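# Coordinate analysis (summary)
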Amino acid sequence: EEEPRVRTITATQLLERLDRDQVTYLLDVRSPEEFELWHIDGAVNLPLAELPHHLNRIPRSAEVFTICAAGARSASAAQLLEQRFFDATSKRFP
């Protein structure tokens, strides 16, 4: 059975949108340790494993952009959010 596809955006496209203040909610689904090493200013850290238990922290009205290190967790997070009727886009790798 094929996985449902999620919307994706390239790193360059995401950076351009960030530069133009066109990102309403940036969700970093890496571990707190990874987030502490480096992160994009304004990103909210909510590890993928914890995401299902904290959906109430994400504004329903926001377009959510999910990011991680390589793209797999980001895609899983966007898929989970879409299944729960959030507007989500994953940063794809590379």
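Up top is the structure these notes are about.
Let me begin by describing the structure that accompanies this report.

## A closer look at the pattern of salt bridges
According to the stated counting rule, one finds 5 salt bridges in the structure shown. Where E82 meets R7, a salt bridge forms, and the shortest distance between an N and an O atom there is 3.2 Å. You can see E82 sitting in helix α3 (residues 72-83) and its partner R7 sitting in strand β1 (residues 7-9), a full 75 residues away along the chain. Taking relative accessible area as the criterion, E82 reaches 33% and is therefore assigned partly exposed. Notably, a salt bridge pairs R30 with D28, separated by 2.8 Å at the nearest N-O pair. Exposure remark for R30: the relative accessible area of 2% places this residue in the buried category. What you see here is one network of salt bridges that share partners, running through R7, E82 and D87.

## Some points on unusual backbone geometry
With phi around 55 degrees, D21 is a residue other than glycine that occupies positive phi space. Tracing the backbone through its elements, the reader meets D21 in the loop between α1 (11-19) and β2 (25-28). Of note in the backbone geometry, F85 takes a positive phi value of approximately 70 degrees without being a glycine. Residue placement: F85 occurs in the loop between α3 and β5 (87-91).

## Things to note about the pairing of β2
Burial of the side chains of β2 extends over both faces: Y25 and L27 are buried on one face and L26 and D28 on the other. Where β2 lies against strand β4 (residues 63-67), 4 bridges are found, and the strand directions are parallel. Residue D28 lies in a different strand from β4, and its bridge partner there is I67. Pairing between β2 and strand β3 (residues 44-45): 2 bridges, direction parallel. Following the sheet pairing, L27 is matched in β3 by V44. The handedness of the β2 to β3 crossover, carried by helix α2 (residues 32-37), is right-handed.

Rules behind the numbers
- Residues numbered from 1 in each chain as written.
- Predicted model: local features only at pLDDT ≥ 70, side-chain atom pairs only at ≥ 80, totals over all residues.
- Heavy atoms only, no water.
- Salt bridge = Lys/Arg side-chain N within 4 Å of Asp/Glu carboxyl O.
- Helix = DSSP H or I, 4+ residues; strand = E, 2+ residues; numbered from the N terminus.
- Buried < 20%, exposed > 50% of the residue type's maximum accessible area, 1.4 Å probe, protein only.
- Pairing = 2+ DSSP bridges.
- Right-handed = clockwise from strand over helix to strand, strands pointing away.

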